[in-house]
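So you can see what is in the structure, the chains are spelled out below.
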Amino acid sequence: MDWIRLTKSGKDLTGLKGRLIEVTEEELKKHNRKDDCWICIRGFVYNVSPYMEYHPGGEDELMRAAGSDGTDLFDQVHRWVNYESMLKECLVGRMAVKPTVLKGKPWHL
């Protein structure tokens, strides 16, 4: 209940003052500390630092995915959890899509 209260408090839980950004792999990797922890789940990036003390599995469990794509780990532990709703106030943005390179052929329009 304390987590729900915090999400409804109006406090900026993203650290980005409400704006959504496109996150590169390089940027995601930088946010790998307890006090600055971003995790990607299914292409969406969340700042889970504010959630650390509320996570039932503890901080160490969240830190296993710090600065990376935690989708597989999340699915192994609790695929059934509605993370979109629970972490919506922590949404940083979407992962940037890498351009596709065709083997040996330049891409022309």
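It should be emphasised that the depicted structure is a prediction, and the values quoted were computed from it without experimental measurement.

**Q** Would you mind going over the pattern of salt bridges with me for this structure?
**A** Side chains carrying opposite charge are able to pair once their charged atoms draw close together. By the definition in use, this model includes seven salt bridges. In this structure, E27 engages K30 in a salt bridge whose closest nitrogen and oxygen atoms are separated by 3.4 Å. Here E27 and its partner K30 are both found in helix α2 (residues 25-30), three residues apart, which amounts to about one turn of the helix. Its salt-bridge partner being D75, residue R42 comes within 2.4 Å of it at the nearest N-O pair.

**Q** How do you make sense of the packing of aromatic side chains when you look at a structure like this?
**A** Each aromatic ring pair is characterised by the separation of its centres together with the angle its planes make. Inspection of the entire model under this criterion finds four aromatic pairs. Summarising the aromatic geometry, the rings of W3 and Y51 are spaced 4.9 Å apart at their centres and angled 65° between planes, so their arrangement reads as edge-to-face. On the criterion of sequence distance, the pair formed by W3 in helix α1 (residues 2-7) and Y51 in the loop between β4 (44-47) and α3 (59-63) is long-range, its members being 48 residues apart. By relative accessible area, which is 8% here, W3 ends up buried. Between Y46 and Y83 the ring centres are 6.0 Å apart and the planes differ by 90°, which places this aromatic pair in the edge-to-face class. Linking Y46 in strand β4 with Y83 in helix α5 (residues 83-86), this pair joins segments that are 37 residues apart in sequence. Across this residue pair, the class does not change: Y46 and Y83 are buried. Taken together through their ring pairs, the aromatic side chains of W3, Y51 and Y54 make up a single cluster.

Rules of the game
Residues numbered from 1 in each chain as written. Predicted model: local features only at pLDDT ≥ 70, side-chain atom pairs only at ≥ 80, totals over all residues. Heavy atoms only, no water. Salt bridge = Lys/Arg side-chain N within 4 Å of Asp/Glu carboxyl O. Helix = DSSP H or I, 4+ residues; strand = E, 2+ residues; numbered from the N terminus. Phe/Tyr/Trp six-rings, centres within 6.5 Å; stacked < 30°, edge-to-face > 60°. Buried < 20%, exposed > 50% of the residue type's maximum accessible area, 1.4 Å probe, protein only.

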